[in-house]
Amino acid sequence: FWLKPSWLRHLGCRLSQDHSCRDPLGAILFDGVCHPTAGAGTMMLLRRATQQALASRRAAGVRTATTAVVSASQETMSQKAWRWLDITGFLTKWHSRRAWILDLDPPSRAASVMMTEYERKLLLWLTWMNFFFMPISLWYWYGQFTHL
């Protein structure tokens, strides 16, 4: 997009000496890449610190995610029973906030950072209670409807 040279200086970007990308009105074609000036190096320090921390964790052999995979021959009868009971994924979502967040759509994922653990489990519990009471509610409704 097009920006005036004064805007680029205000944003902390240095102008190249090559003026071949100027339009007739004096604006410069800007591709969105800023070269940090002396006063705008804070973001680079933060990025460097993050890269250093990740590199040290990788060097120490620390994993950021776990995958508890057990083959079928190593699985105990109790593990097999719990796996088959978790056919809907409810137990996994009840015990793992990560699994619950991954099951949400993107706007809900963004909003879930403000949700406490109590509210998350309450929402799961109320969803299942709604499923449980739905047939009872329909039965009562049908009974009242047939008496009209």
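Sequence order as written defines the numbering, with residues in each chain counted from 1. Confidence filtering applies because this is a predicted model: local features only for residues at pLDDT of at least 70, side-chain atom pairs given and counted only at 80 or more, and all residues used for totals across whole chains, interfaces and linings. With hydrogens and water set aside, each side-chain value is computed from the structure's full complement of heavy atoms.

Visitor: Quick question: what am I supposed to make of the side chain of aspartate 86 here?
Guide: Under the scheme used here, helices are H or I runs from DSSP no shorter than 4 residues and strands are E runs no shorter than 2 residues, and both carry numbers assigned from the N terminus. Summarising the element assignment, aspartate 86 is placed in the loop between α3 (77-85) and α4 (90-95). Residue burial is assigned from relative accessible area. The probe radius is 1.4 Å, only protein chains are included, and a residue is buried under 20% of its type maximum, exposed over 50%, and partly exposed in between. Neither His nor the chain termini are counted; the positive set is Lys and Arg, and the negative set is Asp and Glu. Whenever a carboxyl oxygen of Asp or Glu lies within 4 Å of a side-chain nitrogen of Lys or Arg, that contact is scored as a salt bridge. It turns out aspartate 86 is buried and unbridged, and the closest side chain with the opposite charge, lysine 93, is 7.7 Å from it. Contact definition: two residues touch when any of their heavy atoms are within 4.5 Å. Contacts of aspartate 86, omitting those with residues within four sequence positions, involve Leu91 and Thr92.

Visitor: In this structure, what is going on with the side chain of arginine 120? I would like to understand it.
Guide: Looking at where arginine 120 falls in the secondary structure, it is placed in helix α7 (residues 117-146). Residue classification places arginine 120 among the buried residues on the basis of a relative accessible area of 0%. Once residues lying within four places of it in the same chain are set aside, the contact partners of arginine 120 are Lys93, Trp94, Ser96, Arg97, Trp100 and Met115.

Visitor: It is not clear to me how the confidence of the model for the chain should be interpreted in this structure. Could you clarify?
Guide: Should the pLDDT be low somewhere, the predicted coordinates at that spot are not to be read in detail. The quantity called pLDDT is the predictor's confidence in a given residue, expressed from 0 to 100. Of the residues in the chain, 65% reach a pLDDT of 70 or more, and the chain-wide mean stands at 75. Counting contacts from residues 15-39, a segment whose pLDDT is below 50, to residues more than four positions away or on other chains yields 37 contacts.

Visitor: Before we go on, may I ask you to explain the pattern of salt bridges in this structure?
Guide: When their charged atoms lie close together, side chains carrying opposite charge are able to pair. Within this structure, the stated rule accounts for four salt bridges. Notably, a salt bridge pairs aspartate 103 with lysine 93, separated by 3.1 Å at the nearest N-O pair. Placement of aspartate 103 in the loop between α5 (97-102) and α6 (106-111) and of lysine 93 in helix α4 is noted, with a sequence separation of 10 residues between them. Here arginine 97 and glutamate 117 are joined by a salt bridge, their closest N and O atoms 3.1 Å apart. With a gap of 20 residues between them, arginine 97 in helix α5 and glutamate 117 in helix α7 connect regions that are remote in the sequence.

Visitor: Looking at this structure, I do not really get the environment of glutamate 117. What am I missing?
Guide: The class of glutamate 117 is partly exposed, set by a relative accessible area of 36%. Glutamate 117 sits 20 residues away from arginine 97 along the chain, and the two C-alpha atoms are 8.1 Å apart. Within the local environment of glutamate 117, its side chain forms a polar contact with the side chain of arginine 97, the two groups lying 3.1 Å apart. By the criterion applied in these results, polar contacts are pairs of N or O atoms within 3.5 Å in which, for protein atoms, one can donate a hydrogen and the other can accept it, and in which residues neighboring in sequence qualify only through two side-chain atoms.

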